[in-house]
Amino acid sequence: MNAPWQGPLAETEALLTKLGVDQRLWTGGARAARSPITGEIIARVHDASPDECRRAIAAAHDAFLIWRAVPAPRRGELVRLLGDELRAAKSELGRLVTLEAGKTVSEGLGEVQEMIDICDYAVGLSRQLFGLAIATERPEHRMAETWHPLGVVGVISAFNFPVAVWSWNSALALVCGDPVVWKPSEKTPLTALAVQAAFERAAQKFGEAPAGLSAVLVGGREVGEALVADERVRLVSATGSTAMGRMVGPVAAARFARVLLELGGNNAAIVRPTADLDIAVRAIAFAAMGTAGQRCTTLRRLIVHEDVLEPLMSRLERAYASVQIGDPRDTGTLIGPLIDEAAWQAMSRALDDARAQGGQVIGGERVDGPGEGIYVRPALVRMPAQSEVVRRETFAPILYVLASSDMDEAIALNNDVAQGLSSAIFTNDVRESEKFCSAVGSDCGIANVNIGPSGAEIGGAFGGEKETGGGREAGSDSWKAYMRRATNTVNYGRTLPLAQGVKFDI
Ligand code: UN1
């Protein structure tokens, strides 16, 4: 048996101390940090002012002038040390993710593992920031492409991946030669402070990291605004709602800064008649209910062929009815709490709307949990059509189910939403899976076959199209967003031929 647990408050204090977070940072401040497990206040953090934000950016910019000249493999050494710190702190940090974001123990540890993975990836990358040699039309010339550090990177992250998203950005930014100023979600300041403490230990071991290379600014909207507006921040990488992206994008664009946006998702899975239903049921259950439906990549829409609709639904209904909901610290819990009351309000509003739009709702009710935590049974909702409520993203465990037998219609439904993050198809028909992954298939940044839309690895580029914002983080060539590209044409001859045969003889 698990319970009774020590209250989140006592456990948080012990963890923060163990993780080396200065007590002054999490006591006596004006902002209450709560654990969604019980709703209780677990710390009182200090908000940074916009002025402090600007000072941190100034320090980061000073750090940039030094850091950009440090050889990239040497910069990788700092990230290697950061990865070591994260490995050493994995269980405590994972536990803090559970306490602060309400993720299950396994998901909390998985989040830290994702940070370790991206550090390893970035260390390798620090020796692979390749440019190109390009064929030139001029004799005795050489044309090349080189990559250089960009400048200060501003990171705005969301509560649901309170530390992993920082690491995707920071591990890459640091090897690319860029300092990072981070505004974590105001709902999850403590894991951010713990990660910054891990960075500081790594920097100390490294010995020559310039001051200001990594900063965390806990605070509200004003801090984010100061970060986005500051000329010295050359890349704004923001994860959150589409509404947030609509504010960030234009401000950064007005000063011609780069933006990397990871916004809303409304991810679908198509289930075809040849699908392996054992795999499909497990994948759908994890993708739709995991993290209490609070991942950007959560499965929100299921588009099912009529031939398999009833068997699939009866298996899903059983899974939805039996899944263990409760304290995420308990062994066996698969669904922890919603982050706060507002999340529940949004969920119940969406379920009311779904009913009004002809939906049949199974589940979706509040269930008992510890303290004032908000626990819900995930909802399975059969919809007659892809109506308004299905097309909007509600950040809660609601899976809308649509029947559609025609493959092209299923793809059209997959694509007929404003968001374009992730998608999946369950089929053993190679024609269908290949079509889904082709130019006329899913229009999302992620298109999977026989796995769900969530749970991506860091090796691939992560992000999506349309209202998802177009940004790509983590693997593949995402690093290029953190560097500036220079095309170099070098003349090693004794004449000056002009391109395109242009003559200009003086
Ligand atoms: C997010 O939901 O904000 O694919 C990120 C996944 C994770 C990342 C999700 N690796 O579920």
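Residues numbered from 1 in each chain as written. Predicted model: local features only at pLDDT ≥ 70, side-chain atom pairs only at ≥ 80, totals over all residues. Heavy atoms only, no water.

Surrounding the ligand, one finds Glu-114, Asn-160, Phe-161, Trp-168, Arg-295, Cys-296, Thr-297, Ser-454, Gly-455, Ala-456 and Phe-462. Here an oxygen atom of the ligand sits 3.4 Å away from a polar atom, N or O, in the side chain of Asn-160. The backbone of Ala-456 places a nitrogen or oxygen atom 2.7 Å from an oxygen atom of the ligand. Within the complex, the protein chains bury 98% of what would otherwise be the 320 Å² of accessible surface of the ligand. Taking a 2 Å distance to the grid points as the criterion, the majority of the atoms of the ligand fall inside the second largest pocket. Partitioning the shell around the ligand into residue classes produces five nonpolar, four polar and two charged. (Near = heavy atom within 4 Å. Polar contact = N/O pair within 3.5 Å; in protein donor to acceptor, adjacent residues only side chain to side chain. Areas by Shrake-Rupley, 256 points an atom, 1.4 Å probe, with all protein chains shown as cover. 1 Å grid on protein atoms, 1.4 Å probe; cavity = no way out; pocket = protein on both sides within 12 Å on 5 of 7 lines; lining within 4 Å. Sits in = over half its atoms within 2 Å of the grid points. Nonpolar A, V, L, I, M, F, W, Y, C, P; charged D, E, K, R; others polar.)

It is worth spelling out the packing of aromatic side chains at this point. Considering all chains together, one arrives at five aromatic pairs under this definition. Aromatic pair Trp-67 and Phe-206: ring centres 5.8 Å apart, planes at 70°, arrangement edge-to-face. Remark: Phe-206 occurs in helix α8 (residues 189-206) and Trp-67 occurs in helix α3 (residues 50-67); sequence separation between them is 139 residues. A relative accessible area of 0% places Trp-67 in the buried class. The interplanar angle of 85° and the centroid separation of 6.1 Å between the aromatic rings of Phe-159 and Phe-395 together place this pair among those described as edge-to-face. Of this pair, Phe-159 sits in the loop between β5 (152-156) and α7 (164-176) while Phe-395 sits in the loop between α14 (388-391) and β16 (398-403); the two residues are 236 residues apart in sequence, bridging distant segments of the chain. On the accessibility criterion, Phe-159 (11% relative accessible area) is buried. (Phe/Tyr/Trp six-rings, centres within 6.5 Å; stacked < 30°, edge-to-face > 60°. Helix = DSSP H or I, 4+ residues; strand = E, 2+ residues; numbered from the N terminus. Buried < 20%, exposed > 50% of the residue type's maximum accessible area, 1.4 Å probe, protein only.)

Its boundaries defined by the atoms lining it, the largest pocket holds a volume of some 1,000 Å³. Around the largest pocket, the lining comprises 39 residues; the ones closest to its centre are Lys-187, Thr-239, Gly-240, Ser-241 and Met-244. Counting residues per element, the lining of the largest pocket draws most heavily on helix α10 (residues 242-254), which supplies six residues. In terms of residue class, the lining of the largest pocket is made up of 19 nonpolar, 13 polar and seven charged. Formed jointly, the lining of the largest pocket draws a minimum of three residues from each of two domains, domain 1 (50-263 + 469-486) and domain 2 (267-457). Elements with a contribution of two residues or more to the lining of the second largest pocket: α6 (105-125), α7, α11 (277-289), α12 (306-322) and β22 (473-474). The dominant element in the lining of the second largest pocket, judged by the number of residues it contributes, is α6, at eight residues. Here the residues of the lining of the second largest pocket are counted per class, giving 17 nonpolar, 13 polar and 11 charged. (Points joined across faces, edges and corners; volume = space filled by probe spheres on them. Domains from an automatic or database assignment.)

Sheet topology places strand β3 (residues 132-134) next to strand β4 (residues 141-149); three bridges connect them, and they run antiparallel. The residue of β4 that forms the bridge with Leu-132 is Glu-145. In sequence, β3 turns back onto β4 through a hairpin of six residues, with Glu-140 there showing a positive phi of about 50°. Both β4 and strand β23 (residues 483-491) contribute to a ladder of nine bridges, which runs antiparallel. Bridge pairing in β23 links His-148 to Arg-484. (Pairing = 2+ DSSP bridges.)

Turning to the sheet that holds strand β11 (residues 299-304), a few remarks are in order. Strands sit in the order β12-β15-β16-β11-β10-β18-β19 across an open sheet of seven strands; the sheet is mixed. For this open sheet the edge positions go to β12 (360-363) and β19 (446-449), each flanked by a neighbour on one side alone. Adjacent strand axes in the sheet meet at a mean angle of 20°, parallel and antiparallel pairs treated alike. (Axes fitted to C-alpha atoms, helices over the stretch in contact; angles between N-to-C directions.)

Let's shift gears to the sheet that holds β23. Pairing is antiparallel in the open sheet, where three strands are placed in the order β3-β4-β23. In this open sheet, the two edge strands, each paired with only one partner strand, are β3 and β23. The average undirected angle you get between the axes of adjacent strands in this sheet is 25°.

Here we take up helix α4 (residues 72-88). Between its first and last C-alpha, α4 extends 25 Å over 17 residues, near the 24 Å set by a 1.5 Å rise per residue. The set of residues buried in α4 consists of Ala-72, Arg-75, Gly-76, Leu-78, Val-79, Leu-81, Leu-82, Gly-83, Glu-85 and Leu-86. (Expected span 1.5 Å × (residues − 1).)

At a minimum axis distance of 9 Å, the contact between helix α9 (residues 221-229) and α10 shows a crossing angle of 30°. With respect to α10, the element α9 is oriented roughly parallel. For the pair α9 and α10, contact is made by Arg-221, Val-228 and Ala-229 and by Met-247, Val-248, Val-251 and Ala-252, respectively. (Parallel < 35°, antiparallel > 145°, perpendicular 65-115°, else oblique. Contact = heavy atoms within 4.5 Å.)

Turning our attention to the domain arrangement of the protein. The domain boundaries assigned to the protein delineate domain 1 (50-263 + 469-486) and domain 2 (267-457). Relative to domain 2, the C-alpha centre of domain 1 lies at a distance of 31 Å. Contacts between the two partners involve 16 residues from domain 1, matched on the other side by 17 residues from domain 2. Each partner contributes to the roughly 1,400 Å² buried at the junction of domain 1 and domain 2, and carbon and sulfur atoms together form 61% of this total. Considering only the side of domain 1, the residues that lose the most area to domain 2 are Thr-104, Glu-107 and Phe-159, jointly responsible for 30% of the buried surface there. Inspection of the domain 1/domain 2 interface yields one salt bridge. Applying the counting rule to domain 1 against domain 2 returns four residue pairs in polar contact (both at pLDDT 80 or more). Only α5 (90-101) and α6 provide two or more residues apiece to the side of domain 1 that touches domain 2. In terms of residue count, the dominant contributor to the side of domain 1 that touches domain 2 is α5 (five residues). (Buried area = accessible area lost by both parts, 1.4 Å probe. Salt bridge = Lys/Arg side-chain N within 4 Å of Asp/Glu carboxyl O.)

Tracing the chain through its elements places Glu-145 in strand β4. Overall, the relative accessible area of 11% leaves Glu-145 in the buried class. A polar contact is formed between the side chain of Glu-145 and the side chain of Arg-485, at a distance of 3.3 Å. What Glu-145 contacts, discounting residues up to four positions off in sequence, is Gly-131, Leu-132, Ile-134, Arg-485 and Ala-486.

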